[in-house]
Amino acid sequence: MEEVVIKVAGMSCQGCVKNLSGALSGTPGVGSVQVSLEEGEARVSYDPARVSANALRTVVEDCGFDAA
């Protein structure tokens, strides 16, 4: 497993955190997800053989947030 920290812009409440956590957790190859509203980031443990860091950034953007 590898870990990536994705900076997330646009989250404003715990509902945002819950929605993003659910979307990332439901992505095949993702082991664990920690989304922090205060830090403005998502910390994702994933299997690089199944999903790429860029694909995880796309999931964040598909949820309506900016990913860096």
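Model, not experiment: these values are computed from the prediction.

Conventions we followed
- Residues numbered from 1 in each chain as written.
- Predicted model: local features only at pLDDT ≥ 70, side-chain atom pairs only at ≥ 80, totals over all residues.
- Heavy atoms only, no water.
- Pairing = 2+ DSSP bridges.
- Helix = DSSP H or I, 4+ residues; strand = E, 2+ residues; numbered from the N terminus.
- Contact = heavy atoms within 4.5 Å.
- Axes fitted to C-alpha atoms, helices over the stretch in contact; angles between N-to-C directions.
- Buried < 20%, exposed > 50% of the residue type's maximum accessible area, 1.4 Å probe, protein only.
- Arc of directions from axis to C-beta.
- Core = buried A, V, L, I, M, F, W, Y, C linked by side-chain atoms within 4.5 Å.
- Left-handed = near helix turned anticlockwise from the far one by under 90°.
- Nonpolar A, V, L, I, M, F, W, Y, C, P; charged D, E, K, R; others polar.

Novice: Please explain the sheet that holds strand 1 (residues 2-9) as it appears in this structure.
Specialist: Within a sheet, each strand pairs with its neighbour through backbone hydrogen bonds, oriented either parallel or antiparallel. Sheet architecture is open: four strands sit in the order 2-3-1-4, paired in antiparallel fashion. Edge positions in the sheet fall to strand 2 (30-36) and strand 4 (66-67), since each has one partner strand and no second. Direction of pairing for strand 1 relative to strand 4: antiparallel, over a ladder of two bridges. Paired with alanine 9 across the strands is aspartate 66, a residue of strand 4. Here helix 1 (residues 14-25) sits on the sheet in contact with strand 1, strand 2 and strand 3 (41-46), set at roughly 165 degrees to strand 2. Most of the contacts of helix 2 (residues 53-62) go to strand 1, to which it runs at about 30 degrees, and overall it touches strand 1, strand 2, strand 3 and strand 4.

Novice: Teacher, can you tell me more about helix 2 here?
Specialist: An α-helix turns once per 3.6 residues; consequently, residues spaced three or four apart project the same way. Restricting attention to buried positions, one finds in helix 2 the residues Ala53, Leu56, Val59 and Val60. Viewed end-on, helix 2 has its buried residues packed into an arc of 110 degrees, placing them on one side of the element. Exposed positions of helix 2 whose direction lies more than 90 degrees from the buried face are Asn54 and Asp62. Buried residues along helix 2 sit in contact with strand 1, helix 1, strand 2, strand 3 and strand 4.

Novice: Please explain the nonpolar core as it appears in this structure.
Specialist: As a rule of thumb, nonpolar side chains are buried together in soluble globular proteins. Val8, Met11, Leu20, Leu24, Val44, Leu56 and Val60 are the most contacted members of the largest nonpolar core, which totals 20 residues. With residues near it in sequence (within four places) discarded, methionine 11 still touches Cys16, Val17, Leu20, Val35, Ser36, Leu37, Gly40, Glu41 and Phe65.

Novice: How do you make sense of the pairing of strand 3 when you look at a structure like this?
Specialist: Burial analysis of strand 3 places five of its six residues in the buried class, which makes it a mostly covered element. The antiparallel hairpin formed by strand 2 and strand 3 contains four residues in its connecting segment, where glycine 40 sits at a positive phi of about 65 degrees.

Novice: I keep staring at the side chain of serine 36 and nothing clicks. Help me out?
Specialist: The topology assignment puts serine 36 in strand 2. Beyond its immediate sequence surroundings of up to four residues, serine 36 is in contact with Met11 and Glu41.

Novice: What should I look at first to understand the packing of helix 1 against helix 2 in this one?
Specialist: How two helices sit against one another is set out by the angle between their axes and by the gap between those axes. Relative orientation of the contacting elements helix 1 and helix 2 amounts to 145 degrees, with a least axis distance of 10 Å. Along this stretch, helix 1 crosses helix 2, giving a crossing that reads as right-handed. Taking contact as the criterion, the partners of Leu20, Ala23 and Leu24 in helix 1 are, on helix 2, Leu56, Val59 and Val60. When grouped by side-chain class, the residues that make up the contact of helix 1 with helix 2 number six nonpolar, no polar and no charged.

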